Amino acid sequence: MKKTALPAGLLLGTLALNACSGVKTSQADINNPETKGLPPGQTGEGAPLFTFGKNSGGGNGGGTTQIQVNAYLWRATLNTLSFMPLVSADPFGGVIITDWYTPPASPGERFKVNAYILSRQLTADAVQVSVFHQVNQGGQWVDSPADPSVASGLEDRILAQAADLQAAAKNAQ
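The rules behind these values
- Residues numbered from 1 in each chain as written.
- Predicted model: local features only at pLDDT ≥ 70, side-chain atom pairs only at ≥ 80, totals over all residues.
- Heavy atoms only, no water.
- Phe/Tyr/Trp six-rings, centres within 6.5 Å; stacked < 30°, edge-to-face > 60°.
- Helix = DSSP H or I, 4+ residues; strand = E, 2+ residues; numbered from the N terminus.
- Buried < 20%, exposed > 50% of the residue type's maximum accessible area, 1.4 Å probe, protein only.
- Lys NZ or Arg CZ within 6 Å of the ring centre and 35° of its normal.
- Contact = heavy atoms within 4.5 Å.
- Polar contact = N/O pair within 3.5 Å; in protein donor to acceptor, adjacent residues only side chain to side chain.
- Core = buried A, V, L, I, M, F, W, Y, C linked by side-chain atoms within 4.5 Å.
- Pairing = 2+ DSSP bridges.
- Axes fitted to C-alpha atoms, helices over the stretch in contact; angles between N-to-C directions.

Enquirer: Is there a simple way to explain the packing of aromatic side chains in this structure?
Expert: Aromatic rings in a pair are described by how distant their centres are and how their planes are angled relative to each other. Inspection of the entire model under this criterion finds one aromatic pair. Arranged with centres 5.1 Å apart and planes meeting at 85 degrees, the rings of Phe-83 and Tyr-101 form a pair that is edge-to-face. Linking Phe-83 in the loop between helix H3 (71–80) and strand E3 (86–90) with Tyr-101 in the loop between strand E4 (95–98) and strand E5 (109–117), this pair joins segments that are 18 residues apart in sequence. A relative accessible area of 44% places Phe-83 in the partly exposed class. According to the relative accessible area criterion, Tyr-101 is partly exposed, its value standing at 21%. In this structure, Arg-110 packs its charged tip against the face of Trp-100, placed 4.5 Å from the ring centre.

Enquirer: I tried to follow H3 on my own but got confused; where do I start?
Expert: Think of an α-helix as turning once every 3.6 residues; residues three or four places apart then point the same way. Counting buried positions along H3 yields eight of 10 residues, so the element is predominantly enclosed. Here the buried face of H3 lies against E3, E4, E5, strand E6 (127–137) and helix H4 (148–172). With a side-chain oxygen positioned 2.8 Å from the backbone nitrogen of Tyr-72, the residue opening H3 is Asn-70.

Enquirer: How should I be thinking about the nonpolar core in this particular structure?
Expert: One broad rule of soluble globular proteins: the nonpolar side chains tend to lie buried together. Residues Leu-73, Leu-81, Val-113, Val-129 and Val-131 are the most contacted members of the largest nonpolar core, which totals 23 residues. Of all the secondary-structure elements, those providing two or more residues to this core are H3, E5, E6 and H4. Ranked by the residues each element gives to this core, the list is headed by H4, at six residues. Those residues within four positions of Val-131 in sequence are excluded, and the remaining contacts are Phe-111, Lys-112, Val-113, Ala-146, Val-150, Ala-151 and Leu-154.

Enquirer: In this structure, what is going on with the sheet that holds E5? I would like to understand it.
Expert: Neighbouring strands of a sheet are bound in pairs by backbone hydrogen bonds; such pairs are parallel or else antiparallel. Taken together, the five strands give an open sheet; going across it, the order is E3-E4-E5-E6-E7, and neighbouring strands pair in antiparallel fashion. Looking at the sheet topology across the chains shown, the edges are occupied by E3 and strand E7 (140–144). Adjacent strand axes in the sheet meet at a mean angle of 15 degrees when their direction is disregarded. Across four bridges, the pairing between E3 and E4 is antiparallel. Within E4, the residue paired with Leu-86 across the bridge is Thr-98.

Enquirer: Sorry, what's going on with the pairing of E6 here?
Expert: One face of the sheet, then the other: side chains in a regular strand alternate in exactly this way. Alignment of E5 against E6, held across nine bridges, turns out to be antiparallel. Paired with Lys-112 across the strands is Phe-132, a residue of E6. By the bridge criterion, five bridges tie E6 to E7 in an arrangement that is antiparallel. The residue bridging Gln-137 from the neighbouring strand is Gln-140, located in E7. With antiparallel pairing between neighbouring strands as the criterion, E6 and E7 make up a hairpin whose turn holds two residues, including Gly-138 at a positive phi of roughly 65 degrees.

Distances and angles like these do not, on their own, reveal function.
Below you can see the structure in the form of structure tokens.
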């Protein structure tokens, strides 16, 4: 039993290291201020901003998995929601979930936001924001309807900032 445990462990370790070798980042990608905060796979020179599934670099088979959402929408959404604590940010699925945020001006209410990037294109319907609202009643947080204009206002800010990021990137070329 002990004779097979060591070779099996070495084999698994080797496979794990080989699995990591597909991600490539250049020094230029790391030092570029426009792409510094973007997830891996969105910064490569000449690389598409978004792809579905696995990218094999021109053939059939394996390759590196890349971000499946528009990079400008992703960055703009993170920037717009940066005042709220994040619970989850999935760049492959395009989902950002915040934790509850209590505005300093109104400690008796709190908000939570889920943002979904729905398209690889920078269009008006490419992002959807859901806002959840609760009010404190007798020490208990109770669900309350959120004003729909809050969600649409966040969507508008995200889209405007994404367009600004895209324009800045084109001007820098």
